[in-house]
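In case you want the letters, here they are:
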Amino acid sequence: MHSTHFIKRPLLRVWIMMAIIALGGAFMRMPVAHATNQASPFAPLNCPPGETEELIEPTLLTLTPSNPLPGETVQVTGYGGYIRCSGGLYNESARSFDLTLDGAVVAQLGCYANRCQTTFVVPTTINPGNYQVSTVGGSQLRLDVQDERLTFLPTVFNGLATSAAFMPPVGGLSGCPANETATLIPPSLVSLNPSSVAAGGSVEVVGSGGYIHCSGGLYNESARSFDLMLDGTLVAQLGCYANRCQVTFVVPTTTNPGSYQVSTVGGSELTLVVE
């Protein structure tokens, strides 16, 4: 009897149906809860999804010059500064790192494709002495700030150009105390700038070593020079002083494109690409 009475009220039935439809539409318009927790598909990822990443801090390689005056500009080179993924891939996109001089930030070291480089100006208020150029978590190099520029002449030796800051070689293996033996430490080449050049272009060579080690433990780091070769052909004299070697040479205009070895006798070698 109650159900028949309900059916006989058409307005009540219409109102109930409209309420059901309205509730159903509101339910269908509700957002799915898990969608709000998803990361943006455009968020940058250093490594593929599900892999861990490890930051390889920069390793400093050279300071040019390594013995500046206050107010002079120093060029810094290095490598590293990339991310290594647990799956074996590397992310070498551009990054920057604080470069410090005895703990004070002096520049941003930019790293890209496993090469790092920047320049900074030595503060004019700095006192002469030894300072550490470093990156947080990376490596460090020693900077020797001078109170005056040391110069050595001549700048031409046997017709071959040498750096103005270096002398021709000291004859023999002298320079050790009496009754001590002297061992010559050949130069070790560190960098070519640039490492890829057209024939006729200039290349700066930087290295270390080129000093005498005495058997009693002392070192004789007076100025010396060593033959610098391009695939066995003498192109310059590499000047070494105080454990730093440097020279600039010109690639012969007759050199064909290809890879060539820049080397010193008894020392090390680097590859130069002639374009």
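Everything quoted here is computed from the prediction, not taken from an experiment.

Quick notes on the rules
Residues numbered from 1 in each chain as written. Predicted model: local features only at pLDDT ≥ 70, side-chain atom pairs only at ≥ 80, totals over all residues. Heavy atoms only, no water. Pairing = 2+ DSSP bridges. Helix = DSSP H or I, 4+ residues; strand = E, 2+ residues; numbered from the N terminus. Buried < 20%, exposed > 50% of the residue type's maximum accessible area, 1.4 Å probe, protein only. Contact = heavy atoms within 4.5 Å. Core = buried A, V, L, I, M, F, W, Y, C linked by side-chain atoms within 4.5 Å.

## Let's talk about the sheet that holds strand β14 (residues 188–193)
Then, in step 1: The eight strands are arranged β14-β16-β21-β20-β19-β22-β23-β15 in an open sheet whose pairing can be described as mixed. The open sheet has two edge strands, β14 and β15 (196–197), and neither has a second partner.
Then, in step 2: Across three bridges, the pairing between strand β19 (residues 224–230) and strand β22 (residues 258–264) is antiparallel. Within the sheet, the bridge partner assigned to Leu230 lies in β22 and is Val262.

## Comments concerning the sheet that holds strand β13 (residues 182–185)
Whenever strands of a sheet pair, they do so through backbone hydrogen bonds, lying parallel or antiparallel.
Then, in step 1: On the basis of which strands lie adjacent, the open sheet formed by three strands has the order β13-β17-β18 and antiparallel pairing. For this open sheet the edge positions go to β13 and β18 (219–220), each flanked by a neighbour on one side alone.
Then, in step 2: Relative to β18, strand β17 (residues 211–214) runs antiparallel, the two being bridged by two bridges. If you follow His213 over to β18, its bridge partner there is Tyr219.

## What to know about the side chain of Thr135
Then, in step 1: With respect to the helices and strands, Thr135 occurs in strand β9 (residues 129–135).
Then, in step 2: The buried category is assigned to Thr135, whose relative accessible area is 6%.
Then, in step 3: With sequence-adjacent residues up to four places away left out, Thr135 is seen in contact with Pro58, Leu60, Asp98, Leu99 and Leu109.

## A word on the pairing of strand β8 (residues 115–121)
Then, in step 1: Residues Cys116, Thr118 and Phe120 of β8 are buried on one face, while the alternating residues Arg115, Gln117, Thr119 and Val121, pointing to the opposite face, are not.
Then, in step 2: As paired elements, strand β3 (residues 73–79) and β8 share six bridges and run antiparallel to each other. Along β8, the bridge assignment pairs Thr77 with Gln117.
Then, in step 3: Two strands pair when backbone bridges link them, and strand β7 (residues 104–112) and β8 are joined in this way by three bridges, in the antiparallel orientation. By the bridge assignment, Cys111 is partnered in β8 with Cys116.
Then, in step 4: The hairpin turn running from β7 into β8, its antiparallel successor, is two residues long, and Ala113 in that turn takes a positive phi close to 55°.

## Some thoughts on the nonpolar core
Then, in step 1: Judged by nonpolar contacts, the single largest core of 20 residues is most densely connected at Val205, Leu228, Leu238, Phe249, Val262 and Leu272.
Then, in step 2: Among the secondary structure elements, those contributing two or more residues to this core are β14, β16 (202–208), β19, β20 (233–241), β21 (244–250), β22 and β23 (269–274).
Then, in step 3: The element contributing the most residues to this core is β20, with four residues.
Then, in step 4: In this structure Val262 touches Leu189, Leu192, Leu228, Met229, Leu230, Phe249, Ser268, Glu269, Leu270 and Leu272, once residues within four positions along its chain are discounted.
Then, in step 5: Of all hydrophobic cores here, the second largest spans 18 residues; its members include Val74, Phe97, Val122 and Leu143.

## Some details on the environment of Leu238
Then, in step 1: In this fold, Leu238 is placed in strand β20.
Then, in step 2: In this structure, the C-alpha to C-alpha distance between Leu238 and Arg224, residues 14 residues apart in sequence, is 8.3 Å.
Then, in step 3: When near neighbours in sequence (up to four residues on either side) are disregarded, Leu238 contacts Pro187, Leu189, Val205, Arg224, Ser225, Phe226, Leu228, Cys245, Gln246, Val247 and Thr264.

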